[in-house]
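Take a look at the letters that make up each chain.
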Amino acid sequence: MRIIFCALIVGLWLPVQAMDKSGNYAIWGEGQKSCYRYLKERTTDGKDPYRTYIMGYLTAYNAIAPDTYSISSNLSLDEIMVWIDDYCDANQMSGLEQSLLEFVGNHHEKRYQQPPGRAGR
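Structural notes, computed from the coordinates. This structure is a prediction, so every number in the text was calculated from the model and none was measured.

Okay, the state of the cysteines next. A complete count under the given rule lists one disulfide for this structure. The disulfide bridge from C35 ends at C88, spanning 2.2 Å between sulfur atoms. As the torsion about the S-S bond is roughly -50 degrees, the C35-C88 disulfide counts as left-handed. Here the residue C35 occupies a position in helix α2 (residues 35-41), and C88 occupies one in helix α4 (residues 77-90), the gap between them amounting to 53 residues.

This next bit is on helix α5 (residues 96-107). For α5, with 12 residues, the first-to-last C-alpha span of 17 Å sits near the 16 Å given by 1.5 Å per residue. For α5, the full list of buried residues reads L96, E97, S99, L100, L101, F103, V104 and H107.

Moving on, we get to unusual backbone geometry. Although it is not a glycine, D67 sits at a positive phi angle of roughly 50 degrees. The residue D67 is located in the loop between α3 (49-64) and α4 in this model. Unusually for a residue other than glycine, S73 sits at a positive phi of about 45 degrees. One can find S73 in the loop between α3 and α4. When its relative accessible area of 15% is taken as the criterion, S73 is described as buried.

What follows concerns the environment of S94. Summarising the element assignment, S94 is placed in the loop between α4 and α5. Sequence-wise, S94 and C35 are 59 residues apart; in three dimensions their C-alpha atoms are separated by 5.6 Å. Those residues in contact with S94 that sit more than four places away from it in its chain are S34, C35 and Y87.

The rules behind these values
Residues numbered from 1 in each chain as written. Predicted model: local features only at pLDDT ≥ 70, side-chain atom pairs only at ≥ 80, totals over all residues. Heavy atoms only, no water. Disulfide = S-S within 2.5 Å. Helix = DSSP H or I, 4+ residues; strand = E, 2+ residues; numbered from the N terminus. Expected span 1.5 Å × (residues − 1). Buried < 20%, exposed > 50% of the residue type's maximum accessible area, 1.4 Å probe, protein only. Contact = heavy atoms within 4.5 Å.

This is the structure:
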């Protein structure tokens, strides 16, 4: 799994996100689903698997991206979910995984590079 996320990060800085010779890579879990399906299945009660998937994806990104403490900076999970909802509403044929790549790319410059107000763990 770490290799997949490393490949995603490297892909953000390359003009083409080529993961294998054909440019494909494995997507696991809820990220395999389309934005359309995500919008149809997502619940707002906080108990849906999409929230868990997104938290795991962003946590993994934070763990392996250089100079990144938090890709979401000061956004709450609910605010991130609204961003994903808006993206998916406008791009229903895209995959959920693509929406997360877009979120990461859109928020890279705004990321926290270190914990706000403290020295670290």
